[in-house]
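# Summary of structural features
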Amino acid sequence: MASGYSLTTHYGGQGLLDSFSFFTGTDPSNGFVDYQSKEDALAKNLVSIGTSYNNVKLGVDSNNTYSTSDTGRPSVRLTSHDTFTHGLFIADIYHMPASTCGTWPAFWAFNNQNDGADWPVGGELEIIEGANTAQRNLFSAHTAAGCDAPSAGFTGEQGLTDCSLSPDNVGCNYASPSSDTTSYGDAFNAEGGGVYALEWDSQDLKLWHFPRSTIPDDIIYGHVVGPDPSSWGPPHAIFGGSSCSPDAYFFNMSLVFNINFCGDYAGNIWGKADQCNLLAPTCEEFVANNPNSFQDAYWDINYIDVYQWGPLTNMTIPPLSPDTTSSSTTSATPAPSGVTPTHTRTITLSTIHPTETYSSSVDPAIINDYTLLGCFRSDSGYPFFSQVASHSGMDTEACVGHCAGRKYAGVHGDTCYCADNFGDAHAVGNAMCDVPCSGNGDEVCGGRIDSTKNRGPLSLMINSAHSVNSSALHHRDTLANVLLTVYGNLDAEPMPPAAPAMGGNPPDTYSTILVPNTTVTSAITITYTTVCSTNPASLVELEYSTTVTYEECGCTQTNTKTRHYPVHTANLMTTHPPSPAMTYVPMTTYVETCQACGLHGESTVTLTVPVAVITEVVTSIAVQTVVPVISNTTYTAPAYGTGGKITTSPKPSTTPSNITPVLSDAPPRRKTAGILETLGWGVAVWFGLFGFMLAL
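This is a predicted model, so every value here is computed, not measured.

Here we take up the overall build of the protein chain. Across its full length, the protein chain holds 13 helices and 37 strands. Buried positions account for 52% of the 696 residues belonging to the protein chain. Contacts in the protein chain between residues at least 24 apart in sequence constitute 77% of all its contacts with a sequence separation of at least 6.

Per the counting criterion, the structure on display carries six salt bridges. Across the salt bridge formed by R212 and D92, the nearest N and O atoms sit 3.0 Å from each other. Of this pair, R212 sits in the loop between β15 (204-211) and α4 (217-220) while D92 sits in strand β8 (residues 87-95), placing them 120 residues apart in sequence. Measuring nitrogen to oxygen at the nearest pair gives 3.0 Å for the salt bridge that ties R406 to D420. A residue pair is termed long-range when its members are at least 10 positions apart, and R406 in the loop between α9 (396-402) and β22 (408-412) and D420 in the loop between β23 (415-419) and β24 (426-427) qualify at 14 residues. With a relative accessible area of 27%, R406 lands in the partly exposed category.

We now examine the state of the cysteines. Tallied over the entire structure, the rule returns nine disulfides. Disulfide pairing places C262 opposite C283 at an S-S distance of 2.1 Å. Taking the torsion about the sulfur-sulfur bond, which here is approximately -90°, the covalent link between C262 and C283 counts as left-handed. With C262 in the loop between β17 (253-261) and α7 (263-267) and C283 in helix α8 (residues 283-289), the pair connects residues that are 21 residues apart, well separated along the chain.

As enumerated under the stated definition, the model contains 21 aromatic pairs in all. Through a chain of ring-to-ring contacts, the aromatic side chains of F261, W270, F286 and F294 assemble into a single cluster.

Bringing the sheet that holds strand β11 (residues 138-142) into the picture now. As summarised here, the arrangement of the eight strands in space is β2-β7-β17-β9-β10-β11-β13-β12, forming an open sheet in which the pairing is antiparallel. Of all the strands in the sheet, just β2 (20-22) and β12 (157-158) have a single pairing partner and so form its edges. Across nine bridges, the pairing between strand β9 (residues 103-111) and β17 is antiparallel. The partner of W104 across the bridge, within β17, is N260.

Residues L58, F239 and W299 are the most contacted members of the largest nonpolar core, which totals 69 residues. If one sorts the elements of this core by residue count, β17 sits on top with five residues. I524, V540, V605 and L607 belong to the second largest nonpolar core, which has 19 residues in total.

To continue, consider the environment of T282. With respect to the helices and strands, the residue T282 is situated in the loop between α7 and α8. Note on T282: relative accessible area 29%, which makes it partly exposed. For the pair T282 and C262, spaced 20 residues apart in sequence, the C-alpha to C-alpha distance is 9.0 Å.

A regular strand places its side chains on the two faces of the sheet in alternate fashion. Within strand β35 (residues 604-610), five of the seven residues are buried, leaving the element largely enclosed by the surrounding structure. Here seven bridges tie strand β34 (residues 587-593) to β35, and the two strands are oriented antiparallel to one another. Bridge pairing in β35 places M587 opposite P610.

Attention shifts here to the side chain of N189. With respect to the helices and strands, N189 occurs in helix α3 (residues 185-190). Of the polar contacts made by the side chain of N189, one reaches the backbone nitrogen of M96; its length is 2.8 Å. Ignoring any residue separated from it by four or fewer positions in sequence, one finds N189 in contact with Y94, H95, M96, P97, A98, D296 and N430.

Averaged over every residue, the pLDDT of the protein chain is 78; residues scoring 70 or more account for 69%. Residue range residues 452-477 is modelled with pLDDT below 50. Its contacts to residues more than four positions away, or to other chains, number 43 contacts. Between residues 568-583, whose pLDDT stays under 50, and residues either more than four places distant or in other chains, the model counts 28 contacts.

This brings us to the pairing of β15. Most of β15 is tucked away, with seven of its eight residues classed as buried. Note that strand β14 (residues 194-200) and β15 share seven bridges and pair antiparallel. Among the inter-strand pairings, Y196 is bridged to a residue of β15, identified as H209. Here β14 hands over to β15 after three residues, the two strands then running antiparallel side by side. In this sheet, strand β16 (residues 237-240) lies alongside β15 in antiparallel orientation, the contact comprising four bridges. Paired with D204 across the strands is G240, a residue of β16.

Reading the values: rules and limits
- Residues numbered from 1 in each chain as written.
- Predicted model: local features only at pLDDT ≥ 70, side-chain atom pairs only at ≥ 80, totals over all residues.
- Heavy atoms only, no water.
- Helix = DSSP H or I, 4+ residues; strand = E, 2+ residues; numbered from the N terminus.
- Buried < 20%, exposed > 50% of the residue type's maximum accessible area, 1.4 Å probe, protein only.
- Contact = heavy atoms within 4.5 Å.
- Salt bridge = Lys/Arg side-chain N within 4 Å of Asp/Glu carboxyl O.
- Disulfide = S-S within 2.5 Å.
- Phe/Tyr/Trp six-rings, centres within 6.5 Å; stacked < 30°, edge-to-face > 60°.
- Pairing = 2+ DSSP bridges.
- Core = buried A, V, L, I, M, F, W, Y, C linked by side-chain atoms within 4.5 Å.
- Polar contact = N/O pair within 3.5 Å; in protein donor to acceptor, adjacent residues only side chain to side chain.
- pLDDT = per-residue confidence, 0-100.

Structure follows, in structure tokens:
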């Protein structure tokens, strides 16, 4: 029996919403975002289901302003109840959040078992990700230690290759091929979206992007014929291989859709990898105060299909839409969930179109090196766009020609504008641009806004070529009231900055790096206090030097929590604090008498000194005698075997906080007194004997 991919799970419409949970906790990536529950998201119209295509829209609040002290702008983050290890995943997406300053959308997967407590064990994989004004998709992986990305077998641009955690938390990554100019954001939406595919088995995790116009037939009709990734060509990105076993590093992963704002990625690269800082000093300020900029920040998901490899059987497929028909007469076999898998070849293929496939306009998708980005609006009148030409022969091709050498070309009616930065210009619904080009009535050159009812996307007015002269309309409008059809030169689009993981933070999980213990021999000096032998009314601070040998623990900890990460490349250098292993010189306590040397004139004090000072003959001791200005009269020592902490290059303070120095030198009193007493008795005995001999 032949083997191939059979459909096992279909997510679409209400079934998708019922199969995903809504995350409502604090964003692990420090975003300026307020994730909503399913009930609140529905009430705020952040989530909806299309009636014609059963598509699911996931959006953000684009109506209200907020304070930067608020939690953030309301949004959604959905995580699948199902977890997966292996499979072929097909995500047909009609629209993704636009390339807008402040946004950080992603379609990704990670091991969410135990609420993500095991992360990064089980892995994390970003399928679609970008931030701010990015126009190029970023594929990333984040794993436990020991995983490296393959060096060949892909068509994308490879970035970092070490997928394991490091303090910058960015893992390994690829950018979509430079030739794929519709992989992300504005250009993706202008194309009418497309398909992202992931094939995951025991050998590799391979990722592809197919624009709407080039989706393979075996994906379009995958429910019937079964997808065949071997016919798709090399993937854009690949993880796994011999340097990173997928079965060891990726398992039990849930699918996630979310739209974040600012945080560890969009906020960290603000004004560094883009020019968003021209709009506001910080990401949070812009996101809080500009709701209109996020009208196009939404996902529009046609479906997500999951296939599993196995023996092929003849099965029927239930209708995917009211128009679907089948001529198969074999009995149906129940599927684990969603749509029943099938490989029946006799079904009528031409009627299976359960997805929204409308592409925005009749304008060419690519002109020379410029890619259609869609319909754009600026509330401030396009301050970064300059008019370069206006004539009756204007169309999209002519405008792109006028803007050769510039980043963007925008056209409205008979007038062309060029720019190198969007400023506050942001994408709106593609259908809003419907002004015919003056030089080619079959093409669209911008649109207009009803200035008397300028209240956001519901007030955008579509012009009719049959009732309004576009040139006359242009002269009545100001730039604040027009929409531009925009093209961008994306061939030289740089690789996006590496993005941090979203499933967790490395200092929280891997704060300790183990290395073998090492034996250390070190000269150390201990400073201690005793009664001055030559002036019993004062205390003296002395130094005791010795050499010790001890084992230094190899446990090295990072002691700070990484919140902002490098912008263009990962910082792989790890800074470790000093070893926590410390060696102590044995200390002891004893009671000593003096002449009112205590703080309140006491003549008895308890002192802490190295044991060796009491039990050994000390040949060399540095001395500093001090006048006592002591906080208390009793010095309590740790238990025997602990005590003074070792320092490798200590120096006694010349002006300690609790003593005032005087100029005097002496050895320790107890040893010195004992020597002098012995000497005195010896002299007395000698003189006694000498006198006795004289008497005789």
